[in-house]
Amino acid sequence: IKIDVQGYEAKVLAGAERTLRIGRPAVLCEITPRALALAGDDHRSILARFKDLDYLASVIDEAGERAMTYRELAELLEAGEAEYRDVLFRPGKAV
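These figures come from a predicted structure and were not determined experimentally. (Residues numbered from 1 in each chain as written. Predicted model: local features only at pLDDT ≥ 70, side-chain atom pairs only at ≥ 80, totals over all residues. Heavy atoms only, no water.)

## Section: the pattern of salt bridges
Right, on to step 1. Considering all chains together, one arrives at 8 salt bridges under this definition.
Right, on to step 2. Residue Arg49 pairs with Glu17 through a salt bridge whose shortest N-O separation is 2.3 Å. In this pair, Arg49 is assigned in helix 4 (residues 43-52) and Glu17 in helix 2 (residues 17-22), connecting sequence segments 32 residues apart.
Right, on to step 3. Relative accessible area serves as the criterion here: at 19%, Glu17 is assigned to the buried category.
Right, on to step 4. Among the salt bridges present, the one from Glu78 reaches Arg44, with a minimum N-O distance of 3.7 Å. Remark: Arg44 occurs in helix 4 and Glu78 occurs in helix 5 (residues 70-79); sequence separation between them is 34 residues.
Right, on to step 5. According to the relative accessible area criterion, Glu78 is partly exposed, its value standing at 45%. (Salt bridge = Lys/Arg side-chain N within 4 Å of Asp/Glu carboxyl O. Helix = DSSP H or I, 4+ residues; strand = E, 2+ residues; numbered from the N terminus. Buried < 20%, exposed > 50% of the residue type's maximum accessible area, 1.4 Å probe, protein only.)

Structure below.
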């Protein structure tokens with residue numbers, strides 16, 4: 001599943017809860033902290049949802065794909081070095 005809805009990712013994920021729990025699809029999600037804030041959400045809610053579902057996270061950028069812990073990913077998003085980050089979430093055991 002690819003999700004890029006300019007800040008409404010948390011709302012899409014809430015609606016997809018059953019699919020995520022039962023079907024366990026991989027999800028490519030663009031996370032834009034500023035757009036999430038404008039929509040009344042933040043990246044922490046997205047990360048918490050995937051962590052609770054035991055998904056693994058990897059950032060995809062010009063350097064390639066890098067697996068990250070949820071703490072590392074939160075720090076990267078909070079650093080604000082990029083407007084957005086493409087994050088691949090895959091079923092597994094969250095770290």
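## Some thoughts on the nonpolar core
Right, on to step 1. Residues Leu20, Ile31, Ile46, Leu47, Phe50, Leu73 and Phe89 are the most contacted members of the largest nonpolar core, which totals 24 residues.
Right, on to step 2. A total of 5 residues in this core trace back to one element, the largest contributor, which is helix 5. (Core = buried A, V, L, I, M, F, W, Y, C linked by side-chain atoms within 4.5 Å.)

## A closer look at the packing of helix 4 against helix 5
Right, on to step 1. Where helix 4 contacts helix 5, the two axes come as close as 11 Å, and the packing angle between them is 165 degrees. Between helix 4 and helix 5, the interaxial angle falls into the category roughly antiparallel. Taken as a pair, helix 4 and helix 5 cross one another with a handedness that is right-handed. Together, His43, Arg44, Leu47, Phe50 and Lys51 of helix 4 and Tyr70, Leu73, Ala74, Leu77 and Glu78 of helix 5 make up the contact between the two elements.
Right, on to step 2. Class assignment of the residues belonging to the contact of helix 4 with helix 5 gives a composition of 6 nonpolar, 1 polar and 3 charged. (Axes fitted to C-alpha atoms, helices over the stretch in contact; angles between N-to-C directions. Parallel < 35°, antiparallel > 145°, perpendicular 65-115°, else oblique. Left-handed = near helix turned anticlockwise from the far one by under 90°. Contact = heavy atoms within 4.5 Å. Nonpolar A, V, L, I, M, F, W, Y, C, P; charged D, E, K, R; others polar.)

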